[in-house]
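Close look at the chain arrangement
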Amino acid sequence: MKDGRRGQMGGRVLSVASECVPLVKTGGLADVVGALPGALKGAGWDMRVLIPAYRQLRDMAAEWPEVLVEQALWGGTGRVLAGEVKGVAVLLLDAPHLYDRDGGPYNGPGGDHWDNAQRFAALSWVAARIAREGLGDWKPDVLHAHDWQAGYAPAYLAYHGNGGCRSVMTVHNIAFQGQSSAVMLGDLRLPASAFHPGALEYYGGISSLKAGLVTADRITTVSPTYATELMRPEFGMGLQGVISARAGVVSGILNGVDLDVWSPEVEAENAYSSRDMAGKAAARAGLCAEFGIEVPGPLAIIVSRLTDQKGIDLLPAALPDFLDGGGGLVILGSGDPGLEAAVRGLVARFPGRVGLRIGYDEGLSHRMFQGADAVLVPSRFEPCGLTQLYGLRYGTLPVVAAVGGLADTVINASPAAMAAGVATGISFWPTDALAFAGALRRLLALHADRKAWARVQKNAMAAAVGWQTSAAAYAALYQGLKG
Ligand code: ADP
Ligand code: GLC
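Quick caveat, the model's predicted, so the values are computed rather than measured. (Residues numbered from 1 in each chain as written. Chains lettered and ligands numbered in written order. Predicted model: local features only at pLDDT ≥ 70, side-chain atom pairs only at ≥ 80, totals over all residues. Heavy atoms only, no water.)

1. A closer look at the site of ligand 2
Near ligand 2 you find 13 residues, and of these His172, Asn255, Glu382, Cys384 and Gly385 are the closest. A distance of 2.6 Å separates an oxygen atom of ligand 2 from a polar side-chain atom of His172. Gly385 places a polar main-chain atom, nitrogen or oxygen, 2.8 Å from an oxygen atom of ligand 2. Alone, ligand 2 offers 310 Å² of accessible surface; in the complex the protein occludes 93% of this. It is helix α2 (residues 28-41) that provides the largest number of residues to the shell around ligand 2, a total of three residues. Class assignment of the residues belonging to the shell around ligand 2 gives a composition of five nonpolar, six polar and two charged. Both of domain 1 (11-256 + 468-482) and domain 2 (264-462) provide at least three residues apiece to the shell around ligand 2. (Near = heavy atom within 4 Å. Polar contact = N/O pair within 3.5 Å; in protein donor to acceptor, adjacent residues only side chain to side chain. Areas by Shrake-Rupley, 256 points an atom, 1.4 Å probe, with all protein chains shown as cover. Helix = DSSP H or I, 4+ residues; strand = E, 2+ residues; numbered from the N terminus. Nonpolar A, V, L, I, M, F, W, Y, C, P; charged D, E, K, R; others polar. Domains from an automatic or database assignment.)

2. Side note on the pairing of strand β8 (residues 142-146)
Of all five residues in β8, five are buried; the element is thus mostly enclosed. Both faces of β8 are covered, namely the face carrying Val142, His144 and His146 and the face carrying Leu143 and Ala145. Inspection of the sheet shows strand β1 (residues 11-16) paired to β8 by four bridges, in the parallel sense. Bridge pairing in β8 links Leu14 to Leu143. Note that β8 and strand β9 (residues 166-171) share five bridges and pair parallel. Paired with Ala145 across the strands is Met169, a residue of β9. Taken together, β8, helix α6 (residues 152-160) and β9 form a β-α-β motif whose crossover is right-handed. (Buried < 20%, exposed > 50% of the residue type's maximum accessible area, 1.4 Å probe, protein only. Pairing = 2+ DSSP bridges. Right-handed = clockwise from strand over helix to strand, strands pointing away.)

3. Some remarks on the sheet that holds strand β12 (residues 205-207)
A sheet is described by the order of its strands in space; here three strands give the open sequence β10-β12-β11, paired in antiparallel fashion. Both outer strands of the open sheet, β10 (179-180) and β11 (201-202), are each paired with one neighbouring strand and no more. Set on the sheet, helix α7 (residues 208-215) makes contact with β11 and β12; between it and β12 the angle comes to about 70 degrees. (Contact = heavy atoms within 4.5 Å. Axes fitted to C-alpha atoms, helices over the stretch in contact; angles between N-to-C directions.)

4. Concerning the domain arrangement of the protein chain
It is common to give the size of an interface as the accessible area that goes away when the parts come together. Parsing the protein chain into structural domains produces domain 1 (11-256 + 468-482) and domain 2 (264-462). A C-alpha centroid distance of 32 Å is found between domain 1 and domain 2. Listed per partner, the contact involves 18 residues of domain 1 and 17 residues of domain 2. Regarding the contact of domain 1 and domain 2, the summed buried area is about 1300 Å², with carbon and sulfur atoms giving 62% of it. Counting every contact that joins domain 1 to domain 2 gives zero salt bridges. Those elements that place two or more of their residues in the side of domain 1 that touches domain 2 are α2 and α8 (224-229). Partitioning the side of domain 1 that touches domain 2 into residue classes produces seven nonpolar, eight polar and three charged. (Buried area = accessible area lost by both parts, 1.4 Å probe. Salt bridge = Lys/Arg side-chain N within 4 Å of Asp/Glu carboxyl O.)

So this is what it looks like as structure tokens:
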């Protein structure tokens with residue numbers, strides 16, 4: 001049957017990940033995993049998404065049919081349940097001994113789950129089995145593994161047989177590598193013979209991400225610039241050599257955004273478009289009122305995990321001149337306790353100019369993109385980044401560090417880009433407080449020049465941030481593997 005399908009356009013892909021919108025999300029990974037199946041449908045690719053049945057998903061799937069049983073799954077039985085959520089074909093791996101727990105996908109009240117290596121090895125093991133054997137007559141052509149949680153899936157295909165299924169390993173964030181001690185090798189069902197630097201060994205231990213990177217047929221990451229950055233020590237975080245060695249199969253494909261969800265035209269309240277921006281002004285007034293701030297100049301926002309990656313620690317040094325110059329800032333995020341304290345300090349220091357919500361709030365994030373003038377993304381590294389894309393779409397000009405996907409998606413309002421009429425935002429480099437403060441000064445100046453601002457805003461809103469181009473790139477990649 002496999003050969004019968006060879007040469008035909010399109011096919012079947014099993015996507016395996018730890019997060020998927022709208023079921024479970026801690027970051028952009030979930031958005032991408034949830035959007036890809038819909039984006040690829042038009043190109044003839046039937047994609048199913050395998051994720052764990054975390055505690056909060058089990059009720060929803062109570063009536064879903066069981067399509068596979070795996071008896072010995074690290075201390076219990078695993079069952080794969082099949083259903084559909086918002087048009088996405090979902091496969092849930094129900095293994096209560098691994099996933100029916102308090103807390104988020106990776107940690108509980110007491111920190112990281114102690115057995116994360118086994119929990120995600122189990123997900124990868126079942127993914128590899130489905131890829132190899134199929135589910136009934138649904139036999140995947142390609143297994144698409146996302147990040148360290150799925151890294152062992154291509155390795156299991158490589159070491160336990162692939163049944164004709166090829167594999168793609170996508171890096172959404174190299175900072176998380178799924179490292180374990182080498183004594184785990186046997187428990188994780190990996191061959192001791194592969195414990196050498198050219199295969200599974202990683203600084204004396206093992207890493208699920210490295211395992212995926214050395215065994216997958218293709219490697220992708222989520223922007224062209226990050227694909228090249230990953231081969232350098234500043235960004236590769238120890239894996240630069242591994243990725244460089246496979247440069248011939250590495251490519252960068254930008255993320256898109258779901259325009260049915262992220263467009264000013266589809267917002268229930270204060271909808272607007274580039275032809276009529278009245279709704280944006282109303283949303284801005286609403287946002288200021290919600291946070292009790294008054295902002296004569298540009299109103300900026302940050303919607304982000306509060307981590308070292310995101311450059312949040314630069315704010316106390318970079319912001320004062322911007323706020324003195326009439327700017328304002330609303331922050332929505334949560335994460336590192338030290339950074340949460342730092343942004344709380346900003347509110348105390350600049351009352352009436354800085355608004356803050358610690359937490360996760362999808363609805364508020366939409367109101368922020370609608371109402372703000374600019375979105376700040378001062379990341380130290382950013383594989384792709386989604387909030388600058390939302391910013392473009394909403395005419396909420398992105399102010400970004402020129403790294404990774406931020407460099408690929410924002411055209412800095414330099415004199416040359418302004419003269420050519422192509423600017424879509426402001427970028428700066430390197431990621432430090434001095435350069436960031438300079439970018440905020442440029443934001444104040446651009447905002448003061450109303451004609452120039454309107455031109456950049458129009459360009460931003462016209463930028464292609466949907467999935468079309470990237471879906472075609474993934475389709476071509478899969479097709480190339482299928483032959
Ligand atoms: P990362 O995946 O590194 O966190 P991305 O920019 O790719 O960065 O994706 C972050 C996603 O999470 C975006 O959809 C963003 O809007 C969302 N997000 C982050 N923090 C929050 C929050 N506190 N409340 C609502 N949405 C958030
Ligand atoms: C990661 C990256 C982010 C990217 C997202 C989705 O979380 O940090 O830049 O947009 O994955 O690919």
